[in-house]
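Reading the structure
As a plain string of letters, each chain reads:
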Amino acid sequence: MTQASGTTAVNDLVGMAEDVEDIIYRLDPMDTWAFSTFKKKKATAIRHDWQQDALATPASNAKVEGDETGYTAVTPTEMFTNYTQISGKSVRITGTADAVRKYGRDEEFAYQIAKKGKEIKRDIETDILSSNASVAGNDSTPRKSAGFGAQVFRNKSAGAGSTEVLGIYTGGLFAGVTTVGAAGGALDEALLKTALGQAWADGGDPSNIVCGTFQKAKMATFAGAQKFAGVYNQTSRSAQGMVIGGIDLYISDFGEHKIRLSRYIDAKLVYCVDPEYVSLAWLRPIKYYPRAVTGDNQNGEILGEWTTVVDNVDAHAQIRSLATS
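Given the structure is predicted, the values throughout are model-derived calculations rather than measurements.

1. Here's the deal with the overall build of the protein
Each helix and strand counted, the protein has seven helices and 16 strands in total. Out of the 325 residues belonging to the protein, those deemed buried represent 37%. A fraction of 76% describes how many contacts in the protein between residues 6 or more apart in sequence connect residues 24 or more apart. Summed over all atoms, the accessible surface of the protein reaches about 19200 Å², with 52% contributed by carbon and sulfur.

2. What about the sheet that holds strand E12 (residues 255–261)?
Read across the open sheet, the six strands follow the order E5-E16-E13-E10-E12-E11; overall the sheet is mixed. Looking at strand neighbours, the two that pair on one side only are strand E5 (156–158) and strand E11 (249–252), the edges of this open sheet. Taken over all neighbouring pairs, the strand axes of this sheet differ in orientation by 20° on average, direction set aside. Pairing analysis gives three bridges linking E5 to strand E16 (residues 317–320), with the strands arranged parallel. Within E16, the position partnered with lysine 156 by the bridge is glutamine 318. In the packing of helix H5 (residues 189–201) onto the sheet, the strands contacted are E5, strand E10 (208–211), E11, E12, strand E13 (270–273) and E16, and the crossing angle to E16 comes to about 150°.

3. Quick look at the pattern of salt bridges
For the structure on display, the rule yields 14 salt bridges. The residue arginine 47 makes a salt bridge to aspartate 49 at a minimum N-O spacing of 3.0 Å. Here aspartate 49 falls in the partly exposed class, since its relative accessible area comes to 34%. Each of Lys89, Lys116, Glu119 and Asp123 takes part in one network of salt bridges that share partners.

4. Considerations on a nonpolar patch on the surface
Together, Val10, Leu13 and Met16 give the surface a local cluster of nonpolar side chains, amounting to about 290 Å² of exposed area. With respect to the helices and strands, methionine 16 occurs in the segment before helix H1 (33–37). The exposed category is assigned to methionine 16, whose relative accessible area is 51%.

5. Observations regarding the environment of phenylalanine 222
Within the element layout of this structure, phenylalanine 222 appears in the loop between helix H6 (213–219) and helix H7 (223–226). The spacing of phenylalanine 222 and aspartate 188 is 34 residues in sequence and 7.2 Å in space, taken between C-alpha atoms. Not counting chain neighbours up to four residues away, the residues in contact with phenylalanine 222 comprise Leu187, Asp188, Glu189, Leu192 and Tyr250.

6. Some details on the packing of aromatic side chains
Using the criterion set out here, one finds 13 aromatic pairs in the structure. Ring geometry for tryptophan 50 against phenylalanine 174: centres 6.5 Å apart, planes inclined by 20°, an arrangement best described as stacked. Linking tryptophan 50 in strand E2 (residues 47–52) with phenylalanine 174 in strand E8 (residues 173–174), this pair joins segments that are 124 residues apart in sequence. Seen in terms of ring centroids, phenylalanine 80 and phenylalanine 174 are 5.9 Å apart; in terms of plane orientation they differ by 10°. Their pairing is stacked. Of this pair, phenylalanine 80 sits in strand E3 (residues 78–83) while phenylalanine 174 sits in strand E8, placing them 94 residues apart in sequence. According to the relative accessible area criterion, phenylalanine 80 is buried, its value standing at 2%. When its relative accessible area of 1% is taken as the criterion, phenylalanine 174 is described as buried. One aromatic cluster is present, formed by Trp50, Phe80, Phe153, Tyr169 and Phe174 through successive ring pairs.

7. Some details on helix H3 (residues 108–128)
Residues spaced three or four apart along an α-helix face the same direction, because each turn holds 3.6 residues. Compared with an ideal rise of 1.5 Å per residue, which puts 21 residues at 30 Å, H3 spans 30 Å between its outermost C-alpha atoms and is within 8% of the ideal. When H3 is considered as a whole, its buried residues turn out to be Glu108, Phe109, Tyr111, Gln112, Ile113, Glu119, Ile120, Ile124, Glu125, Asp127 and Ile128. Those residues of H3 hidden inside the fold are in contact with H1, strand E4 (85–94), helix H2 (95–99), helix H4 (148–151), strand E14 (279–290) and strand E15 (297–309).

8. A few points about the side chain of serine 157
The topology assignment puts serine 157 in strand E5. The residues touching serine 157, leaving out its near neighbours within four places in the chain, are Leu191, Gln318, Ile319 and Arg320.

9. As for the sheet that holds E4
Strands belonging to one sheet form pairs held by backbone hydrogen bonds; the direction of such a pair is parallel or antiparallel. Ordered by their spatial adjacency, four strands build an open sheet running E1-E14-E15-E4, and the pairing between neighbours is mixed. In this open sheet, the two strands that pair with only one neighbour each are strand E1 (39–42) and E4. Put simply, the sheet's adjacent strands are angled 30° from each other on average, direction ignored. Relative to E4, H3 is tilted by about 160°, and along the sheet it contacts E4, E14 and E15.

10. Examining the side chain of threonine 32
As for its position among the elements, threonine 32 is in the segment before H1. Relative accessible area serves as the criterion here: at 2%, threonine 32 is assigned to the buried category. Other than its neighbours up to four places away in sequence, threonine 32 contacts Lys121, Arg122, Glu125 and Tyr264.

Procedures and definitions
- Residues numbered from 1 in each chain as written.
- Predicted model: local features only at pLDDT ≥ 70, side-chain atom pairs only at ≥ 80, totals over all residues.
- Heavy atoms only, no water.
- Helix = DSSP H or I, 4+ residues; strand = E, 2+ residues; numbered from the N terminus.
- Buried < 20%, exposed > 50% of the residue type's maximum accessible area, 1.4 Å probe, protein only.
- Contact = heavy atoms within 4.5 Å.
- Areas by Shrake-Rupley, 256 points an atom, 1.4 Å probe, with all protein chains shown as cover.
- Pairing = 2+ DSSP bridges.
- Axes fitted to C-alpha atoms, helices over the stretch in contact; angles between N-to-C directions.
- Salt bridge = Lys/Arg side-chain N within 4 Å of Asp/Glu carboxyl O.
- Patch = residues over 30% accessible without salt bridge, like charges linked within 9 Å, V, L, I, M, F, W, Y side chains within 5 Å.
- Phe/Tyr/Trp six-rings, centres within 6.5 Å; stacked < 30°, edge-to-face > 60°.
- Expected span 1.5 Å × (residues − 1).

What follows is the structure, encoded as structure tokens:
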């Protein structure tokens, strides 16, 4: 069929209005568990120190009546150090960009500042859950806070065959990962129980297991979880059945452990966390700072200065270098 002669069609028009939805569909995954859950404390210097201690190993304790008191040297506390890290996001928008009519927002500057505020929170979450080494910094090198993975350097295990080496704490610095090798074997229940048992034996209560999607799905294949897979309601009910294909709680010999799914943890890691013994120390809480106007634009920056404090490194455990395929 052909168009009738003399017909004006849409392709002949000039000045057609745009059809743009007046909304911006933005993904905002803000489930920053560590940032939101870890205890908050105040830092007063760029170097933050803290001490940890432990009770002596319990033993049989009996004395002879009338025995003269004897003394042994006490075990000193351990001192740890971490450095505050400055995290920031900046925005510069011209006056014209703010003035023109836009879809989905009125002022470009306000929109971008709100967006950057969410981004900085996710950046900090990523650094908290990292294995970054601590860096004292200088005039040309930024200070860096050691991540949780670098601070939990005692209670650690790895997938079978892994060659990764996790650094220790020495010279006032957490060394982070000193040798990175190929991923090891798959996560299994024995590995998880070992990690939980290490933290529990040292006096911790690792009530939270933090991991990514792959390792969480792996936990759903543990023998104890499979009996719940495919559960459905009785046929006498009118509602549809329900299939349970994942787990969010693991019960071990050492207690109950909530499984926390994180978008920001390395896929090869599983952390066993006692929230009672981990904090964020803030030298400067996150705040918006307007900057001087140097032209026909508006400048601003969101800054926060913080450090991760694993109050007692022995209260936690981790499993590293796990297979992800």
